[in-house]
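# Structural overview
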Amino acid sequence: MSKRLDKLTALIPECELLADVGCDHGYVGIAALRYKRAQKVLFVDVSAQSLAKARANCPEELRERADFICRDGLGDISADCVVIAGMGGLEIISILRDAKYLPRTLVLQPNRNAPEVREYISAFYRICYDRIVADGKFYNMIVAERADGGMELTELQRQFGSSDLLEPTDDFVLYLKCEKAKLIKILDGCNDAKVQCRLALVEQAIAAVGGIK
């Protein structure tokens, strides 16, 4: 598996029932079974073709601990932990909003709109892990636990995640460098207010982690 998928699997806590929503090829759920992160995995995907791919990839010896469900989102599924990875943040929010039961633990990897995801889940969850992982591209990885009252986020935490701001990794520092360079290049050709605002936030994040070389 890729660094991204290895990291996602490692973030899954030991649980009885894991739902891998939008499972596609099923690699994360299969790894969770193989390494006993979960006793049972529900592989969920709206695409019957993707679900067939996940079933084919799942080794025979693990299939008694796996169920394959063709549906859109969680619906009435009740699982200890839910992993949703590789889709847009607004889609992730929609899946959680439409779910009848919210799990104890969320493991999320939004491809876009990570700040909106953080803002939405912070009403019901405490975010305990929130980092950038570099694997060809930069990926946000978020783990959250159900908590009464959720948590309050500063704007910097909403934008960049609290874990990296507290203890920046090399991947996060690289992300800030690349993001700043990209925004400066855009501003060389235009004077866009949204880009200027984003650059100001990136520079605040750089200052918060003690600057970058």
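For the structure itself, consult the block above.
Only a predicted model underlies this, so the values are computations on that prediction, with no experimental measurement involved.

## Notes on the pattern of salt bridges
Counted under the stated rule, the structure contains 11 salt bridges. Of the charged contacts, one joins Lys3 and Asp171 as a salt bridge, the two residues approaching to 3.3 Å between their closest N and O atoms. Of this pair, Lys3 sits in helix 1 (residues 3-11) while Asp171 sits in helix 8 (residues 170-189); the two residues are 168 residues apart in sequence, bridging distant segments of the chain. Since its relative accessible area comes to 19%, Asp171 is described here as buried. In this structure, Arg198 and Glu179 form a salt bridge, with 3.1 Å as the shortest nitrogen-oxygen distance. A residue pair is termed long-range when its members are at least 10 positions apart, and Arg198 in helix 9 (residues 193-208) and Glu179 in helix 8 qualify at 19 residues. Each member of the pair, Arg198 together with Glu179, is buried.

## Section: the environment of Val133
Considering the arrangement of structural elements, one finds Val133 in strand 6 (residues 125-135). Each C-alpha atom of the pair Val133 and Asp170 lies 9.3 Å from the other, and the pair is 37 residues apart in sequence. Setting aside chain neighbours within four positions, we find Val133 in contact with Lys3, Lys7, Phe138, Tyr139, Met141 and Asp171.

## Concerning the layout of surface pockets
When its volume is computed, the largest pocket comes out at roughly 510 Å³. Lining the largest pocket we find 21 residues, and of these Asn113, Pro115, Asn140, Tyr175 and Arg198 sit closest to its centre. Sorting elements by how many residues they give to the lining of the largest pocket places helix 8 first, with five residues. Considering only residue class, the lining of the largest pocket consists of 10 nonpolar, four polar and seven charged. Estimates place the volume of the second largest pocket at around 350 Å³. Around the second largest pocket, the lining is made up of 25 residues, and of these Val21, Gly22, Cys23, Ala85 and Met87 lie nearest the centre. For the lining of the second largest pocket, the secondary structure elements donating two or more residues are helix 1, strand 1 (15-21), helix 2 (27-34), strand 2 (38-45), strand 4 (81-87) and helix 4 (89-98). Its residues assigned to classes, the lining of the second largest pocket comprises 12 nonpolar, six polar and seven charged.

Parameters at a glance
- Residues numbered from 1 in each chain as written.
- Predicted model: local features only at pLDDT ≥ 70, side-chain atom pairs only at ≥ 80, totals over all residues.
- Heavy atoms only, no water.
- Salt bridge = Lys/Arg side-chain N within 4 Å of Asp/Glu carboxyl O.
- Helix = DSSP H or I, 4+ residues; strand = E, 2+ residues; numbered from the N terminus.
- Buried < 20%, exposed > 50% of the residue type's maximum accessible area, 1.4 Å probe, protein only.
- Contact = heavy atoms within 4.5 Å.
- 1 Å grid on protein atoms, 1.4 Å probe; cavity = no way out; pocket = protein on both sides within 12 Å on 5 of 7 lines; lining within 4 Å.
- Points joined across faces, edges and corners; volume = space filled by probe spheres on them.
- Nonpolar A, V, L, I, M, F, W, Y, C, P; charged D, E, K, R; others polar.

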